[in-house]
Structures are given as C-alpha cells and as structure tokens.
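Letter by letter, the chains look like this.
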Amino acid sequence: MTPFDAFLLPPGCERPPVYEVLELPGGASLRYPVLPADQCESLLSGLEDAGEALGRVPVRSLSRSIGRVADRLLDPADPLRAEALEILAPTAGISPEMADAVLAGMACDWTRERLDELLDREFGSVEVLDAFQPLDGGRMVRARGPSISFHVGSGTVPGVGVTSMIRALLVKSAVLLKPGQGDVALPVLFARALREEMVELSHAVAVVYWPGGETSGETELETLALERAPVVVAYGGDEAIASLRARTPVTTRLVTYHHRVSVGLVGREALGSDRGSKVAGAAAYAVSMFDQRGCVSPHVLYVEEGGQVDPMQWAGVLWDAMAELEIELPVGPLNPEDASAVHQVRGVAEMREASGTGTRVFRSDDGFATVIFEPEPDFVLSCLSRLVYVKPISDLAEVPEVLRGVARHLQTVALEGSGDRRSALTEALGRVGVTRFTPFREAPWPPPWWHHDGASVFAGLVRWIDSEEPSSYSSTCSSARHNTI
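Read on for an overview of the structure. (Residues numbered from 1 in each chain as written. Predicted model: local features only at pLDDT ≥ 70, side-chain atom pairs only at ≥ 80, totals over all residues. Heavy atoms only, no water.)

## Quick word on the sheet that holds strand 16 (residues 387-393)
The seven strands lie next to each other as 14-15-16-13-12-17-18, forming an open sheet whose pairing is mixed. This sheet does not close on itself; its edge strands, each paired only once, are strand 14 (360-362) and strand 18 (436-438). Ignoring strand direction, the axes of neighbouring strands in this sheet form an average angle of 20°. Sheet topology note: the strand 13 (residues 298-304)/strand 16 ladder contains five bridges and is parallel. (Pairing = 2+ DSSP bridges. Helix = DSSP H or I, 4+ residues; strand = E, 2+ residues; numbered from the N terminus. Axes fitted to C-alpha atoms, helices over the stretch in contact; angles between N-to-C directions.)

## Quick word on the nonpolar core
Counting residues in hydrophobic clusters, the biggest one holds 105 residues, and the most contacted among them are Trp110, Met165, Leu169, Leu176 and Phe190. Here the element with the most residues in this core is helix 7 (residues 185-194); it accounts for eight residues. With residues up to four places along the chain from it excluded, the contact list for Trp110 reads Ile66, Gly67, Ala70, Leu73, Leu115, Gly159, Val162, Thr163, Ile166, Leu186 and Phe190. (Core = buried A, V, L, I, M, F, W, Y, C linked by side-chain atoms within 4.5 Å. Buried < 20%, exposed > 50% of the residue type's maximum accessible area, 1.4 Å probe, protein only. Contact = heavy atoms within 4.5 Å.)

## Some words on the pattern of salt bridges
It is possible for side chains of opposite charge to pair when their charged atoms get near one another. Per the counting criterion, the structure on display carries 30 salt bridges. Its salt-bridge partner being Arg112, residue Asp116 comes within 3.3 Å of it at the nearest N-O pair. In this pair, Asp116 and Arg112 are both assigned in helix 5 (residues 112-123), four residues apart and thus about one turn of the helix distant. Relative accessible area serves as the criterion here: at 31%, Arg112 is assigned to the partly exposed category. Between Arg139 and Asp136 there is a salt bridge whose closest N-O contact spans 3.0 Å. The exposure class of Arg139 is partly exposed, given its relative accessible area of 29%. Since its relative accessible area comes to 43%, Asp136 is described here as partly exposed. Three or more residues joined by partner-sharing salt bridges are found here, namely Arg268, Glu269, Glu304, Asp395 and Arg421. (Salt bridge = Lys/Arg side-chain N within 4 Å of Asp/Glu carboxyl O.)

The following block contains the structure:
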C-alpha cells in the first residue's frame, strides 16, 4: 500500500528534502517530512503572515467556507468523502464500518449551520470577531485570536484534529497542526479541501505529522512552534501534556485536554419490564463507538439495584447488545499489545469468577466485546477495546463518593433512569468533577458548543480587548474614586 502523505504545507512552501516512513498495524504506512531549521522558520513566518490576512476576513465568510468542506464529507456522491473513507480506516486503525460512522458523526458538527450556532452561543454578536462592538457605558469590546496557534493532537479519536483546527480558524488564527498517529487522514484532507474554498484559508493551515513520545525526541519544528506561537492547544495523556507544559514559555497561553475518563449510570427506573434492553442497546453504542478510545467512552457502568432486572442480568443484556453491534461496527485491527491486554484482563476476571467472588465474565471466543460484572463498586480503568465493567450499586447517590478517587480525570457521565433524583445527583457529581451529563446515545457526540472539560470552547484561543470612552467614567463609582485624589 502506498504510504499516505501525513502532511500538507501551504502553497509556495519548498518541497521537504527528507522524508521518513512509519509502518502502521494492518499494512498502512505514513510518510512525513523532516524539515530543516530554515524551512521551519519560513513555514512559521508564512503562517504568521497568513494569520494577519485571515484577520481581515469576515467570520461568517469563514464559517461558510469551512461548512462547504463539511458538506462534501457528508455527501455520498462526493469524491472527497470516498477518499476520506478509503484512507481513514487503515490509518486510524478502525474498521471501514466504524470509519463511515465516525466521519458522519464528526462532519455534521462542521457544517455552516452548526458553526454559526456555536459562534452565536459563544459570542452573542459574532461581529465582535470582526471589529470593536459597543457594549455599555461608552465601552467597546473586541475579541481577537492569535495570528498563529500550534495544535498537538493525541490521535485516539479521528476528527479531533479537524475540530481543533476549525475552532482556531473561526477566531482567525492560522494553524500549525501536528496530528496524532491515529488522526492524520482527516486533517490533511480537510486542509486540502479548504484550498478550493478561500485563498486566505489555503495559506493559513499547515498539517505536519511527526512521531511523539519520549523516545522520538523533540523536532526542530516543535521547538520553534512552542517558542513562536502565542497559543498552544494540546490533547494527550498526562505525561505528554506535562512535557509540553515544561517546554512552553510562561507567556504562551497553553490550552490542554489531558487524560479523561467517563462512566455510565443506570437507575432502577430504566430497568423495567423490557429488561432494560433499550438502555442496554444505547450503552453498548456508547462503549463501542471509537472502539472505546474516546474520553467520552465509558469505562464502568454503575447499575442500581431494586429494578425489575438485577444488575447481573442487565450485564448479560448489555453484552448481547455489544456482541450484535460488533457485527454491525466491527473492531479495528488491534496491535499485539492491545490484544494481549484484553486477553490478560479477561483471564484474570475468569479466574476470579471460578473462585466464587461474584465476578461474571460475558464474552465470546471470536470477538472482543467483553462485559465484566464485579460486585465491588470501586472504579476500574478499562484496557479499552470494548471491554467494560458493570458494577451494582444500592443507590445512585453513593456514586459521587465512589468516584472521588478519580475526580481530577472525570469528564462525561452517561445517565439513564434517575427520575426526580437527577438534579441532586448531577449537583453532587458536578462537585466531584464531572463536567457533562448526557444520555448514553448522545455520549459519543458532544455538540460543538459543549464546555469541553468545563471550559468555554474558545477559552484561551481569544483575548478580549476593552476600549473605554470618557463617558464610561461618569458613573458614581468612578466619580467617587476621582474625588479621593
């Protein structure tokens, strides 16, 4: 298979003199450039100039151009969608069926309608991104993005790199994106398609992959980007984020999305005469999407006792739904380490089951979908690859205390069947650290305007500029201050 070019440089950039090739599990490979220092300098300078030009484009024009690319990715007849599906599965390590589901789910949030709604929700009057706007008391306010921002992706979920790119472009920032290994295809294809929509966008995006991690070392481009970009946006594990934080200048705004975990809660109200099969189907979908790699993917499902179906029975219903979904959305090829981890966790659980601890393992010999029922309520980190724990709980009100030990890594709680207790439960879990509550079916697809990890979508990407006219000093408070001088 021909290596996929895991990079796209703006028009006019010199051809990179040296390339490396990375072999991926399943036979795919990535080709990426090794840029010398002078070419790195030239690339960053060109992006800075492009960012200045982008600042003169009305924000609605940007959302319209970006949205047209999203429309192409959603159109079954468009060659761009066909190319994306062909490349996405092997480079992301997912099945073709999962690639189709991921592309549809991601691209629908990149349409003009969704982006305009995001801008309206975040800024009220989006013209604040184009020019100073009157506020009150003679004040004017303006929101500006940086001329250039450096984005570092994690690669666990395809499409996250494009989302990060789009957010920056909407605030008129040129983008240097280093995608993660599992998320190279969509950013390159999206950036390429943007060239056909607007000349300012064609010069304002560079996508360059290079291996990350402690063993690969820091590249010349990464060093310069951390020094010159006013804003750095990074997704990744705790160690990767800590490393970036240590190398980022104190004057740089660093927006980070570190390792997060999610859980599911099923109240007794959801365990009715249908044996909770509807909720089990939705839970199976939440666990299986992205092959459980997302920060929104549940590791543990807490199932309340006292319903018409007890938690262990429901665990079996859940596994039936996961096994059926594995046929519709097959698991992608696993590397030997991930496959070994699944087999090891299964083996340990089966030994516990045989010893009479109350553990029960639901799995098949020819699939990866696994449900492990454990009576102990403690949170357990899944090895992923569609392996989820089901734990009984006498009352959902006990869950906040159970999760306190992982409070700093909590994110999404998929919640079903809490009835009139929902308000008190979400309040208690919010105090612990949860930042999002949603039904299981919606868990994999947060809306574009969600407060990612509890912050505004554009937090750190824009700086606000206030302009105070003389009339703003006529207030009683201002007069009092002047009278004391």
